[in-house]
Amino acid sequence: MTVLKRKRNLIKLNPAQIIVIGFGSLIFLGTCLFMLPIATHEKGQGLSFIDALFEATSAVCVTGLAVVDTGTTFTLFGQIVLLSLIQMGGWGFMTTGIFMFIILGKRIGLKERLLLQDSLNVFTLSGVVHLVKRIILITLMVELIGAIILAIRWAFEMPWKKAIYYGFFHSISAFNNAGFGLESDSLSKWVGDPTINIVITLLFIIGGIGFTVILDLYRKKSIRKLSLHSKVALLMTIILNIVGTLIILVSEYDNSNTIGNFGLGNKLWASYFQGVVPRTAGFNTIDISQLTISSQVFMMALMFIGASSGSTGGGIKVTTYAIIIFAFWTVLTNRNDVNIFRRRISWQYVNKALSIVVAAISFIFIIFFLLTYTEKAEMSKILFETISAFGTVGLTAGLTPDLTPIGRILITIMMFIGRLGPLTMAFALLKTQKESKIRFAEEKILIG
């Protein structure tokens, strides 16, 4: 009787709540594994509960923020657990679950398909299981290619076994936009290395444009035939990457603490890498804490915008940002319709985009406000860390390792919200109301 009651209660949960519970379960599993003595080099003990929770959340939410050094703290077992959590987190809870169903040969019912549709943020229910298979195939192929190239490059300066492991670890971390590295200074040793810069950035850019865009490119093979979503996602990605590179180059050109002492070639590589990485990747080739305040502010904006919908990245998403910009232009020009590439966008999507932004700003402000109580640090560093956690970026201005226990819990919550999306969290927290048939009298209110 109790089992049946639990099943009925589970059925009553909305898709957002089920996804939250699913991600929470993965994080709980990772936390337990990181607390095992076998997970760390510290004799007789694993990570403390708060540190294990932080690391597991950062991995599942593909963020990359860390309170311990990945390469020196975790054993091979701990690092494999970390990679597994990154992979499952990058795919998403429902995609991982459906993948296990496929392997076990179990039937995938309508309820699972509906949850998968909500998790992947796709328009229709048809072909979602086929989409999962494609997502897994694309992921493994891209990660394998990236790992091979990186392993060959690193084989020139380290033993080949270590080079292969480095290649696979960083390829998985990069494609899933996680940003975890095995070196304490991330990728700073290879700041001017063309192979490392190109391969790592391509991996997280491909992972960040979204699986639906990748499949659309594969099927259509022509820019003109792409869906509106793909066109907007690609255009915004290109624009933000170019602008980001130029801003970092101009802002840091004479900064001796970052790229000021580099030659022109290394300046360009460093600017390019740090210009595109805030779109949720988390690696760094220069010291983020030494960036000018102008660069940090601009990076916060990029982290807030994030990657594309249906990708391994976070943020409000580039398509959300694009819709708001075009809606703003529509209001300024006194037009009735929001038009993008000769296509009309429903005001329903505009309202949803605005809701995402309002929810994101609200969550960021609450966590940021609470952190000002718990952390004795500069306001800019606290805000940078908060937005980095929300955007599941993983870049740090140097505050994360020194966070108080309460501060670590707050950033953990922020990473969780950022990965699932502010609107999904809002849906999960609030009880869904049926649409009321009552309409009240209309009245005007002054705005602006």
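Below is a summary of the structure that appears in this document.

Reading guide: rules and limits
Residues numbered from 1 in each chain as written. Predicted model: local features only at pLDDT ≥ 70, side-chain atom pairs only at ≥ 80, totals over all residues. Heavy atoms only, no water. Helix = DSSP H or I, 4+ residues; strand = E, 2+ residues; numbered from the N terminus. Buried < 20%, exposed > 50% of the residue type's maximum accessible area, 1.4 Å probe, protein only. Contact = heavy atoms within 4.5 Å. Areas by Shrake-Rupley, 256 points an atom, 1.4 Å probe, with all protein chains shown as cover. Patch = residues over 30% accessible without salt bridge, like charges linked within 9 Å, V, L, I, M, F, W, Y side chains within 5 Å. Salt bridge = Lys/Arg side-chain N within 4 Å of Asp/Glu carboxyl O. Polar contact = N/O pair within 3.5 Å; in protein donor to acceptor, adjacent residues only side chain to side chain. Expected span 1.5 Å × (residues − 1). Axes fitted to C-alpha atoms, helices over the stretch in contact; angles between N-to-C directions. Parallel < 35°, antiparallel > 145°, perpendicular 65-115°, else oblique. Nonpolar A, V, L, I, M, F, W, Y, C, P; charged D, E, K, R; others polar. Phe/Tyr/Trp six-rings, centres within 6.5 Å; stacked < 30°, edge-to-face > 60°. Lys NZ or Arg CZ within 6 Å of the ring centre and 35° of its normal.

1. Remarks on the overall build of the protein chain
Helix and strand counts for the protein chain come out as 19 helices and 2 strands. Looking at the protein chain as a whole, 51% of its 448 residues qualify as buried. Summarising the internal contacts of the protein chain: among those between residues at least 6 apart in sequence, 67% fall at separations of at least 24. Taken as a whole, the protein chain presents about 22700 Å² of accessible surface, with 65% of it coming from carbon and sulfur.

2. Quick notes on a nonpolar patch on the surface
On the surface, Leu-144, Ile-148, Ile-152, Phe-156, Trp-160, Ile-164 and Phe-168 cluster together into a nonpolar patch covering about 760 Å² of accessible area. When contributions to the nonpolar patch are tallied by element, the ones reaching two or more residues are helix H8 (128-154) and helix H9 (160-175). With a relative accessible area of 58%, Trp-160 lands in the exposed category.

3. Regarding the side chain of Thr-201
With respect to the helices, strands and loops of the structure, Thr-201 is situated in helix H10 (residues 194-209). The class of Thr-201 is buried, set by a relative accessible area of 0%. Separated by 2.8 Å, the side chains of Thr-201 and Tyr-272 make a polar contact. Among residues more than four places away in sequence, those in contact with Thr-201 are Tyr-272, Phe-273 and Val-276.

4. Things to note about helix H5 (residues 76-91)
Each α-helix winds once per 3.6 residues, and so residues spaced three or four apart point in a common direction. With 16 residues, H5 extends 23 Å between its outermost C-alpha atoms, agreeing within 8% with the 22 Å of an ideal straight helix rising 1.5 Å per residue. Of all the positions in H5, only Gly-78, Gln-79, Val-81, Leu-82, Leu-83, Leu-85, Ile-86, Gln-87, Gly-89, Gly-90 and Trp-91 are classed as buried. Positive backbone phi, approximately 100°, marks Gly-92, located one or two places after H5.

5. Thoughts on the environment of Tyr-253
Mapped onto the fold, Tyr-253 is located in the loop between helix H12 (228-252) and helix H13 (264-276). Between the C-alpha atom of Tyr-253 and that of Ser-271, which follows or precedes it by 18 residues, the distance is 8.9 Å. Leave out the neighbours within four places in its chain, and Tyr-253 touches Ile-248, Ile-259, Gly-260, Leu-264 and Lys-267.

6. Describing unusual backbone geometry
Phi angles above zero are rare outside glycine, and Lys-317 is one such case at about 90°. In the Ramachandran plot, Phe-341 falls in the positive-phi region, its phi being about 50° despite a non-glycine side chain. Structurally, Phe-341 can be placed in the loop between strand S1 (338-340) and strand S2 (343-345). A relative accessible area of 45% places Phe-341 in the partly exposed class.

7. A look at the pattern of salt bridges
Throughout the structure, instances matching the rule amount to 4 salt bridges. A salt bridge links Glu-157 to Arg-153, with the nearest nitrogen and oxygen atoms 3.0 Å apart. We classify Glu-157 as partly exposed; its relative accessible area is 43%. A residue is classified by how much of its surface remains accessible, and Arg-153, at 16% relative accessible area, is buried.

8. Here's the deal with the packing of helix H11 (residues 211-220) against H12
Closest axis-to-axis distance for the H11/H12 pair is 9 Å, and the angle between their directions is 110°. It follows from the interaxial angle that H11 and H12 lie roughly perpendicular. Between H11 and H12, the contacting residues are Thr-212, Val-213, Asp-216 and Leu-217 on the first element and His-229, Ser-230, Ala-233 and Leu-234 on the second. Residue classes in the contact of H11 with H12 are distributed as 4 nonpolar, 3 polar and 1 charged.

9. Focus on H9
The end-to-end C-alpha distance of H9, which contains 16 residues, comes to 22 Å, matching closely the 22 Å that a straight helix rising 1.5 Å per residue would cover. Just downstream of H9 lies Asn-177, where phi reads positive at about 60°.

10. Some details on the environment of Ala-56
Assignment of secondary structure puts Ala-56 in helix H3 (residues 49-60). Not counting residues within four places of it along the chain, the set of residues in contact with Ala-56 comprises Ile-27, Gly-30, Thr-31, Phe-34 and Leu-85.

11. With respect to the side chain of Asn-284
With respect to the helices and strands, Asn-284 occurs in the loop between H13 and helix H14 (293-305). For Asn-284, a relative accessible area of 17% puts it in the buried group. When sequence neighbours within four positions are dropped, the list of residues in contact with Asn-284 reads Asp-185, Ser-186, Leu-187, Ser-188, Phe-273, Gln-274 and Leu-395.

12. Quick look at the packing of aromatic side chains
The tally for this structure, following the rule as stated, stands at 10 aromatic pairs. Both rings, one in Trp-154 and one in Trp-190, keep their centres 5.3 Å apart while their planes meet at 65°; by these two values the pair is edge-to-face. Of the two residues, Trp-154 sits in helix H8 while Trp-190 sits in the loop between H9 and H10, which places them 36 residues apart along the sequence. Judged by centre distance (6.2 Å) and plane angle (55°), the ring pair of Phe-175 and Phe-211 falls under tilted. Note that Phe-175 is positioned in helix H9 and Phe-211 in helix H11, a separation of 36 residues in sequence. The exposure class assigned to Phe-175 is buried, which follows from its relative accessible area of 0%. On the accessibility criterion, Phe-211 (5% relative accessible area) is buried. Members of the aromatic cluster, joined through ring pairs, are Trp-154, Tyr-166 and Trp-190. Sitting over the face of the ring of Tyr-253, Lys-267 holds its NZ or CZ atom 3.6 Å from the ring centroid.

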